[in-house]
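Working through the structure, step by step
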Amino acid sequence: MQIKRKKINCSIATSSMSDIGFLLLIFIMLISLMNQRHEQKIQYSEALVLEKTQADSNYEIWILADGSVYVDDVLMTADSLEQGIAAAIMENQEVRIHVIADKNTPYKYVDSVVKILQRLQHRVVSFVVREKM
């Protein structure tokens, strides 16, 4: 008994591959823009022991050496900072406030931010430092 085999022409449509690649490229570009973090140029303080925190749901307050305070690249006054922190707390009770100060920042500027946090009675605060080498 002889078995006849039929030849089947298989082909993969490659004309839509460029469309799929283009859509993936656009998707990756949009996602990378959404996760962009605004940083200020500072010299970090150093510490011997560090505790790592989650990157999600952080409210970062940047304090430069001259005392200027930034949140997401926006210069803040004391009143606008207090309103911004209060809004972040109302949105998410578990928000972690990160205070990131230049190591040459006089303490009075850091203390003014801490006093705002005390007035709002928010206790989930981290002071961000770099690990001492």
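Sequence positions are assigned chain by chain, starting from 1 and proceeding in written order. It should be noted that, the model being predicted, local features are given only for residues of pLDDT at least 70 and side-chain atom pairs only at 80 or more, the latter also being counted only at that level, while totals for whole chains, interfaces and linings use all residues. No hydrogens and no water enter the side-chain calculation; it runs on all heavy atoms of the structure.

Brief notes about the overall build of the chain
- Numbered from the N terminus, helices here are DSSP runs of H or I no shorter than four residues, and strands are runs of E no shorter than two. In terms of helices and strands, the chain carries three helices and seven strands.
- In the chain, the succession of helices and strands from N to C terminus is α-β-β-β-β-α-β-α-β-β.
- Note on classification: 1.4 Å probe, protein chains only; a residue is buried when its accessible area is under 20% of the maximum for its type, exposed when over 50%, partly exposed between these limits. Here the chain holds 133 residues, and 27% of them are scored as buried.
- Note on definitions: a residue-residue contact is assigned when non-hydrogen atoms from the two residues lie within 4.5 Å. Within the chain, contacts between residues separated by at least 24 positions form 73% of all contacts whose residues are at least 6 apart in sequence.
- Using a 1.4 Å probe, accessible areas were evaluated by the Shrake-Rupley method; residue-level cover was limited to the displayed protein chains. Summed over all atoms, the accessible surface of the chain reaches about 10800 Å², with 55% contributed by carbon and sulfur.

Overview of the nonpolar core
- Tyr-59, Ile-61, Ile-63, Leu-81, Ile-85, Ile-97 and Val-113 are the most contacted members of the largest nonpolar core, which has 19 residues in total.
- Counting residues per element, this core draws most heavily on helix α3 (residues 107-120), at five residues. Among buried residues, the Ala, Val, Leu, Ile, Met, Phe, Trp, Tyr and Cys ones that are joined through side-chain atoms within 4.5 Å form a nonpolar core.

Section: helix α2 (residues 78-91)
- Multiplying one less than the number of residues by 1.5 Å gives the expected span of a helix. For α2, built from 14 residues, the straight-helix expectation of 20 Å at 1.5 Å per residue is met to within 8% by its first-to-last C-alpha distance of 20 Å.
- For α2, the secondary structure elements touched by its buried residues are β2 (58-63), β3 (69-71), β4 (74-76), β5 (96-101) and α3.

Digging into unusual backbone geometry
- Even without glycine at this site, Asp-72 takes up a positive phi of about 55°.
- Inspection of the secondary structure puts Asp-72 in the loop between β3 and β4.
- Look at Asp-72 and you get partly exposed, because its relative accessible area is 49%.
- Positive phi outside glycine occurs at Asp-73, with the angle close to 60°.

Remarks on the side chain of Thr-105
- If you trace the backbone, Thr-105 turns up in the loop between β5 and α3.
- Nitrogen and oxygen atoms within 3.5 Å of one another constitute a polar contact, given that in protein one can donate a hydrogen and the other can accept it, and given that sequence-neighbouring residues count only through two side-chain atoms. A distance of 3.2 Å separates a polar side-chain atom of Thr-105 from the backbone oxygen of Leu-64.
- Here Asp-102 takes part through its backbone oxygen, which lies 3.0 Å from a polar atom of the side chain of Thr-105.

Looking at the confidence of the model for the chain
- The pLDDT value expresses, per residue, how confident the predictor is, ranging between 0 and 100. Confidence along the chain averages 79 in pLDDT terms, with 77% of residues attaining 70 or more.
- Per-element averaging of pLDDT across the chain places strand β1 (residues 46-47) at the bottom with 58 and β3 at the top with 91.

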